[in-house]
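# Chain and residue survey
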Amino acid sequence: MKNKRLEERRNKISKEIDVFVKQSFDIVDRIHEILVAQGKEQKELAVLLGKSESEISKWMTGTHNFTIKTLSKIEAILGEKIILTVKDKVEEKSFV
Amino acid sequence: MKSKIDIEIFEECEKVNFYTLRFQDEETETDKFLDQFPEGCENDEDIDIIIKWIDHIGQRGALERYFKPESKRNDNIWAIPIETVSLRLYVIRLSDNIVILGNGGIKTTGTYNEDPFLNSCVELLQEVDRYIKSRVQSRRIIIYQKQLLGDLTFHIGEKKK
């Protein structure tokens, strides 16, 4: 059962917002997945990044606007890819 | 005087049921929130983000890490996180599968307690949360998967039995 009022507004949401929220959720789920795989907690990521734990919690909610610089720092610290670009995908395929 | 309030379903999603609260003869608390931010208002985009956030939570589950901790007490009161402005929609997160949406607004003070309206939004949820816990203990309410079953009517202000 969908809420009628939400549904009316939902139908008018721009593609830009749609993509933004999806990507933000995908990014935080990927970071979480890496942390779990490495046996790390959010507070350890905070220490490694020199940020407060509450700052990291804010990032992990699915509505944070990550900058490329922040994502690069996280990738460098965790040693894992967070975002795959089209170029990455093409290179991956060429190795197969 | 006691006020009658019901918990009712707001929206059902794949992994999460979103409930809301309704005082007798009034619109739901979440409708009151939406009334504050009609289409075309200054915060239109933020409301769109909240709606998309609800969609994703509905598909991915209401995991604690997606919510913004709001109340300092040991309760289930959280806010839907919006970073650009201090827009708050307060919720009770009962489980990974059940969320009760309340009311909220723009936070212009350091804490919600300093704003009488936002404080009343949070206090209402805190009271309902306490009643739910008490009724779950006495089995008047059963949490089954994403459903809240049983006696979902409260009289706010009534003394705990």
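Before reading further, recall that the structure is shown in the block above.
Conventions and cut-offs
Residues numbered from 1 in each chain as written. Chains lettered and ligands numbered in written order. Predicted model: local features only at pLDDT ≥ 70, side-chain atom pairs only at ≥ 80, totals over all residues. Helix = DSSP H or I, 4+ residues; strand = E, 2+ residues; numbered from the N terminus. Rg over C-alpha atoms; globule rule 2.2 N^0.38 Å. Buried ≥ 20, exposed ≤ 12 C-beta atoms within 10 Å, placed from the backbone. Contact = placed C-beta atoms within 7 Å. Nonpolar A, V, L, I, M, F, W, Y, C, P; charged D, E, K, R; others polar. Arc of directions from axis to C-beta. Core = buried A, V, L, I, M, F, W, Y, C linked by C-beta atoms within 7 Å. Axes fitted to C-alpha atoms, helices over the stretch in contact; angles between N-to-C directions. Parallel < 35°, antiparallel > 145°, perpendicular 65-115°, else oblique. Left-handed = near helix turned anticlockwise from the far one by under 90°. Expected span 1.5 Å × (residues − 1). Pairing = 2+ DSSP bridges.

In terms of regular secondary structure, chain A is built from six helices and zero strands. Going residue by residue from the N terminus, the α and β elements of chain A occur as α-α-α-α-α-α. Relative to the globule expectation of 12 Å for 96 residues, the C-alpha radius of gyration of chain A, 16 Å, shows a markedly less compact shape. Along the three orthogonal principal directions, the C-alpha set of chain A runs to about 45 × 40 × 25 Å. Here chain A holds 96 residues, and the buried ones make up 16% of them. Put simply, of all contacts in chain A between residues at least 6 apart along the chain, 55% involve residues at least 24 apart.

One can expect most non-glycine residues to show negative phi and most peptide bonds to be in trans. Residue and element names in this part refer to chain B. Phi at arginine 139 is positive, roughly 65°, even though this residue is not glycine. One can find arginine 139 in the loop between helix 3 (116–137) and strand 7 (141–144). With phi around 50°, glutamine 145 is a residue other than glycine that occupies positive phi space. For glutamine 145, the location among the structural elements is in the loop between strand 7 and strand 8 (147–150).

Listed by partner, the interface residues are 20 residues for chain A and 22 residues for chain B. With five residues, the top contributor of residues to the side of chain A that touches chain B is helix 2 (residues 15–37) of chain A. Taken together, the residues that form the side of chain A that touches chain B break down as seven nonpolar, seven polar and six charged.

Every buried residue belonging to helix 1 (residues 29–36) of chain B is among Glu29, Thr30, Phe33 and Leu34 of chain B, and all of these are buried. Considered in projection along helix 1 of chain B, the buried side chains sweep an arc of 145° and stay on one side of the axis. Contacts made by the buried residues of helix 1 of chain B are with helix 1 (4–10) of chain A together with strand 1 (3–12), strand 2 (17–23), strand 5 (87–93) and strand 6 (98–106) of chain B.

Here we come to the nonpolar core. All names here are of chain B. Of all hydrophobic cores here, the largest spans 56 residues; its most connected members are Ile50, Val91 and Ile100. By residue number, the principal contributor to this core is helix 3, which donates eight residues. Those residues within four positions of isoleucine 50 in sequence are excluded, and the remaining contacts are Ile80, Ile82 and Leu89.

Two quantities define a packed helix pair, namely the angle between the helix axes and the distance between the axes. Running from N to C, helix 2 of chain A and helix 2 (residues 44–60) of chain B cross one another at 45°; their axes reach a closest spacing of 9 Å. What the angle tells us is that helix 2 of chain A and helix 2 of chain B run oblique. Where helix 2 of chain A crosses over helix 2 of chain B, the handedness of that crossing is right-handed. Where helix 2 of chain A approaches helix 2 of chain B, its residues Ile17, Asp18, Val21 and Phe25 of chain A are matched on the opposing element by Glu45, Asp48, Ile49, Lys52, Trp53, His56 and Arg60 of chain B. Of the residues contributing to the contact of helix 2 of chain A with helix 2 of chain B, the split by class is five nonpolar, one polar and five charged.

Attention now goes to helix 3 of chain B. Residues and elements named next belong to chain B. Between its terminal C-alpha atoms helix 3 stretches 31 Å, which fits the 32 Å expected from 22 residues at 1.5 Å a residue. Within the sequence span of helix 3, burial applies to Leu118, Cys121, Val122, Leu124, Leu125, Val128, Tyr131 and Ile132. Looking at the buried residues of helix 3, the elements they touch are strand 2, strand 4 (77–80), strand 5, strand 6, strand 7 and strand 9 (153–156). With its phi angle positive at about 65°, arginine 139 sits one or two positions after the end of helix 3.

Another aspect to go through is the sheet that holds strand 3 (residues 68–69) of chain B. All names here are of chain B. Read from one edge to the other, the open sheet built from seven strands follows the order 3-4-5-6-2-1-9, with strand pairing classed as mixed. Each end of this open sheet is capped by a strand with a single partner; those strands are strand 3 and strand 9. The sheet contact formed by strand 2 and strand 6 spans four bridges and is parallel. Residue pairing for strand 6: tyrosine 19 is matched across the bridge by isoleucine 100. Along the sheet face, helix 3 touches strand 2, strand 4, strand 5, strand 6 and strand 9 and points at about 165° away from the line of strand 6.

Let us look at the pairing of strand 4 of chain B. Residues and elements named next belong to chain B. The alternating pattern of strand 4 places Ile77 and Ala79 on one face and Trp78 and Ile80 on the opposite face, and all of these are buried. Relative to strand 5, strand 4 runs antiparallel, the two sharing four bridges. Opposite alanine 79, over in strand 5, you have tyrosine 90 as the bridge partner. Where strand 4 folds back onto strand 5 in an antiparallel hairpin, the turn is made up of six residues.

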